[in-house]
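# Notes for the structure review
One-letter residues, chain by chain:
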Amino acid sequence: MEPDLPEPHTPPAAPDLQALLRSLRVWDTALPAFDPATAPQAPLPLFVQWFAAAVAAGQPEPHTPALATTDAEGRADIRTVMLHGADESGWHFASHAGSAKGRQLAARPYAALGFYWPVQGRQVRVRGPVRTLPAEVAHADLHARSTGALASALVGHQSEPLPSIDELERASDAAWERAGREPDAPAPSWTVYELDPREVEFFQGDARRRHVRLKYTRTGDGWDRSLLWP
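One structure accompanies this document, and this report is about it. Starting from 1, residues in each chain are numbered consecutively following that chain's sequence as written. Given that this is a predicted model, residues contribute local features only at a pLDDT of at least 70 and side-chain atom pairs are listed and counted only at 80 or more, while totals for whole chains, interfaces and linings are drawn from all residues. Just so you know, side-chain values use all the structure's heavy atoms and leave hydrogens and water out.

Before going further, it helps to examine the overall build of the chain. Put simply, DSSP H or I for four residues or longer makes a helix, DSSP E for two residues or longer makes a strand, and each gets a number counted from the N terminus. For the chain, the count of helices and strands is six helices and 10 strands. We compute the radius of gyration from the C-alpha atoms alone; for a globule the expected value is 2.2 Å times N to the 0.38, where N is the number of residues. Relative to the globule expectation of 17 Å for 230 residues, the C-alpha radius of gyration of the chain, 23 Å, shows a markedly less compact shape. C-alpha atoms of the chain, sized along the principal axes, occupy 85 × 50 × 40 Å. Scored against the burial criterion, the 230 residues of the chain give a buried share of 33%. Note on contacts: a residue pair qualifies if any of its non-hydrogen atoms lie within 4.5 Å across the two residues. Within the chain, contacts between residues at least 6 apart in sequence are counted, and of these 66% link residues at least 24 apart. Using the Shrake-Rupley algorithm and a 1.4 Å probe, accessible areas are obtained, with residue cover drawn only from the displayed protein chains. For the chain, the computed accessible surface area is about 14200 Å², with 56% contributed by carbon and sulfur atoms. Taken as two groups, the 23 positive and 29 negative side-chain charges of the chain have centres that lie 10 Å from each other. Each residue's exposure class comes from its accessible area (1.4 Å probe, protein chains only) as a fraction of the maximum for that residue type: buried when under 20%, exposed when over 50%, partly exposed otherwise. This count recognises Lys and Arg as positive and Asp and Glu as negative, with His and chain-terminal groups excluded. The location of each charge is read from NZ of Lys, CZ of Arg, CG of Asp or CD of Glu.

Given below as structure tokens:
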């Protein structure tokens, strides 16, 4: 009697990427109106208004823009970061100085932030030079956040090669223990960056593709406003 042979395994069919892309719809719901003639003279008040509206509309994680940088060779890089604040001086985010973004900003201190709030069909783009804020600002920023944020900062080694997941778990457990024991523990490489806006664009999507784009450009102590074709 011959042994039973296993049924041949048929791998699942790969998803049809093009079909998936064509099946998606953008902005099938009502979007807010935006009249650029009513926009304030400076971009920060409008950003705060749009950010508050995104929060009220239930936009998930509206405070996590994409940060674009370039390395010393001019090669572009991008990742998602967390906004730590914005004021008349600039938009703030933080990272380790030795991370990939930290090294890139040290080599070429110019960057762009891109916010996308699809619930309302809105984007905000911010471009300008970047500077590091004093160490005491970084210390206060980190210790105003959660224990988890402090533990993550204490682990360090961001963007460095990781030998194994086990090593990450050991380092993370030790960092969590220290963060709970020393809530004011320093993380010397933690750095707050300030992007000084030279250009800020507000994009309001429209279901009929009549998108409204309002661009602010820094001119001395003030701002010029202009419209862009979508």
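Now that the structure has been shown, the text picks up again.
Our focus in this paragraph is helix H4 (residues 135–143). Here H4 has its buried residues at Ala-138, Asp-141 and Leu-142. Mapping the buried residues of H4 onto a view down its axis gives an arc of 95 degrees, with all of them on the same face. Considering only its buried residues, H4 is in contact with strand E4 (90–96), helix H5 (147–155) and strand E7 (190–195). The arc under discussion is defined with respect to the helix axis, by the directions toward the C-beta atoms.

A separate point is the nonpolar core. Working definition of a nonpolar core: buried Ala, Val, Leu, Ile, Met, Phe, Trp, Tyr and Cys residues. They are joined through side-chain atoms within 4.5 Å. Trp-91, Phe-93, Leu-113 and Val-124 are the most contacted members of the largest nonpolar core, which has 27 residues in total. Breaking this core down by element, the ones donating at least two residues are helix H2 (43–56), E4, strand E5 (110–117), strand E6 (122–132), E7, strand E8 (199–204) and strand E9 (212–219). Of all the elements, H2 adds the most residues to this core, at five residues. For Leu-113, the contacting residues outside a window of four places in its chain are Pro-65, Ala-66, Leu-67, Val-81, Trp-91, Phe-93, Val-124, Arg-125, Val-126 and Leu-195. Of all hydrophobic cores here, the second largest spans 15 residues; its members include Leu-150, Ala-151, Ala-153 and Ala-185.

Attention now goes to the packing of aromatic side chains. To pair, rings of Phe, Tyr and Trp, with the six-membered ring standing in for Trp, must have centres within 6.5 Å; the planes then decide the type, stacked if under 30 degrees apart, edge-to-face if over 60, and tilted in the middle. What the rule picks out here adds up to 11 aromatic pairs. Both rings, one in Tyr-216 and one in Trp-223, keep their centres 6.4 Å apart while their planes meet at 85 degrees; by these two values the pair is edge-to-face. A connected cluster of aromatic rings, assembled from ring pairs, spans Phe-34, Trp-50, Phe-202, Tyr-216 and Trp-223. Cation placement over rings: the criterion is NZ of Lys or CZ of Arg within 6 Å of the ring centroid and within 35° of the ring normal. Of note, Arg-122 hangs over the ring of Trp-50, and the distance from its end group to the ring centre comes to 4.1 Å.

Along the chain, the position of Gly-205 falls in the loop between E8 and E9. Setting aside chain neighbours within four positions, we find Gly-205 in contact with Trp-27, Leu-31, Gly-121 and His-211.

Each reported salt bridge corresponds to a side-chain nitrogen of Lys or Arg within 4 Å of a carboxyl oxygen of Asp or Glu. According to the stated counting rule, one finds 12 salt bridges in the structure shown. Ionic pairing is found between Asp-71 and Arg-75, a salt bridge with its closest N-O pair at 2.8 Å. Between Asp-196 and Arg-198 there is a salt bridge whose closest N-O contact spans 3.1 Å. With relative accessibility at 12%, the residue Asp-196 sits in the buried group. For Arg-198, a relative accessible area of 37% gives the class partly exposed. Overlapping salt bridges, with partners in common, bring together Arg-131, Glu-194, Asp-196, Arg-198 and Arg-218 in one network.

In this section: unusual backbone geometry. In the Ramachandran plot, Glu-61 falls in the positive-phi region, its phi being about 45 degrees despite a non-glycine side chain. By secondary structure assignment, the location of Glu-61 is in the loop between H2 and strand E1 (66–70). In this structure, Arg-209 is a non-glycine residue whose phi angle is positive, near 65 degrees. Here Arg-209 is to be found in the loop between E8 and E9. Residue Arg-209 is classed as partly exposed on the basis of its relative accessible area, which comes to 48%.

In short, DSSP must find at least two bridges between two strands for them to pair. As judged from the five bridges shared by E1 and strand E2 (residues 76–80), these two strands associate in the antiparallel manner. Note on E2: the bridge partner recorded for Thr-70 is Ala-76. Where E1 folds back on E2, the antiparallel hairpin that results is connected by five residues, among which Gly-74 adopts a positive phi of roughly 85 degrees.

As for its placement among the helices and strands, Gln-204 is situated in strand E8. The exposure class of Gln-204 is buried, given its relative accessible area of 2%. The contacts of Gln-204, once residues within four sequence positions are left out, are Leu-31, Pro-32, Phe-34, Trp-50, Gln-120, Gly-121, Arg-122, His-211 and Val-212.

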